[in-house]
Amino acid sequence: MKNTLLIACAGLALSLPARADSLPLPADAPPSFKAECGGCHLPFPPALLTAPDWKRVMARLDRHYGDNASLDETTRREIEGFLVRHAATRSRLSGAGDPPRLTRTEWFLREHRKVPDGIWRDARVKSASNCAACHTRAEAGSFREREIVLPGAGKRERD
Ligand code: HEC
Ligand code: HEC
């Protein structure tokens, strides 16, 4: 049992920072990342998706989940380079969808398995990609359990 736990933790550490509840913006993020990828939603943590997935996202910015997020080629390449540098390396962080979604990786679904179905559909959440609806300090890259507030359910009970 102890061994299983250690192996599980080591596996996560390979693809994510030591603490999965802290995903700050990497220091070498080009200003364009926040400016261009943080306007419509959170500038998502690069470590939550693999490099091939980020390339797929960045290759189809004109067809971006129903939106158009096209960029000039210089900026597009700068952001793609940054995302790929900090991308996850484990297949558990590989996302389903076209373009792939970080909210549909094995890792994300497992971390969020205890969220009751109805909450995802709550008008205040609307979509799993709306991280800040529950993670009150998501903008600061902090996803700690005690900072989670589930809309409609109030502060999360510690268990
Ligand atoms: C014009 C608005 C807009 C811009 C700019 C934009 N996005 Fe998005 N993005 C969206 C929308 C809309 C969705 C779909 C949200 C949903 O379905 O919950 C989305 C979804 C995503 C997802 C999938 C989230 C999930 O559900 O897992 C990723 C990854 C993503 N965007 C990355 C980026 C990156 C990287 C950039 C910068 C190059 C960017 N976005 C710029 C509008 C935008
Ligand atoms: C509907 C509310 C909700 C939304 C939306 C949501 N989460 Fe979560 N998240 C949770 C809950 C609840 C947990 C599990 C906390 C626990 O049981 O430890 C969690 C866990 C996590 C963890 C693990 C924290 C740890 O302690 O290791 C991370 C990282 C995370 N979420 C990131 C995200 C990101 C990034 C997004 C947006 C793409 C997102 N979440 C969207 C509710 C949400």
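Please refer to the structure higher up on the page.
Residues numbered from 1 in each chain as written. Chains lettered and ligands numbered in written order. Predicted model: local features only at pLDDT ≥ 70, side-chain atom pairs only at ≥ 80, totals over all residues. Heavy atoms only, no water.

Once that is clear, we can look at the environment of alanine 29. Here alanine 29 is to be found in the loop between helix H1 (2-15) and helix H2 (31-37). When its relative accessible area of 18% is taken as the criterion, alanine 29 is described as buried. It is 8.6 Å that separates the C-alpha atoms of alanine 29 and leucine 83, two residues lying 54 residues apart in sequence. (Helix = DSSP H or I, 4+ residues; strand = E, 2+ residues; numbered from the N terminus. Buried < 20%, exposed > 50% of the residue type's maximum accessible area, 1.4 Å probe, protein only.)

So, on to the coordination of the iron atom of ligand 2. Octahedral metal centres with six donors ideally show angles of 90 or 180 degrees, and tetrahedral centres with four donors ideally show 109.5 degrees. Taken together, the protein ligands of the iron atom of ligand 2 are His112 (NE2) and His135 (NE2), with distances of 2.0 Å. Taken together, the six donor atoms coordinating the iron atom of ligand 2 and their angles of 88 to 179° define a geometry best described as octahedral. With histidine 112 in the loop between helix H5 (106-111) and helix H6 (117-121) and histidine 135 in the loop between H6 and strand E1 (149-150), this pair connects stretches of sequence that are 23 residues apart. Across the pair, exposure class does not vary: histidine 112 and histidine 135 are buried alike. (Donors = N, O, S within 2.8 Å, 3.2 Å for Na, K, Ca; no water. Tetrahedral: all angles 85-135°; square planar, octahedral: opposite > 155°, others 65-115°.)

Taken together, the buried positions of helix H3 (residues 51-59) are occupied by Ala51, Asp53, Trp54, Val57 and Met58. Buried residues of H3, viewed axially, fall in a sector of 155°; they line one side. Against helix H4 (73-85) lie the buried residues of H3. (Arc of directions from axis to C-beta. Contact = heavy atoms within 4.5 Å.)

Turning next to the coordination of the iron atom of ligand 1. Around the iron atom of ligand 1, the donor atoms from the protein are His41 (NE2) and His64 (NE2), and they sit 2.0 Å away. Around the iron atom of ligand 1, the six donor atoms sit at angles spanning 87 to 179°, and that spread fits a shape best called octahedral. Separated by 23 residues along the polypeptide, histidine 41 in the loop between H2 and H3 and histidine 64 in the loop between H3 and H4 bring together distant segments of the chain.

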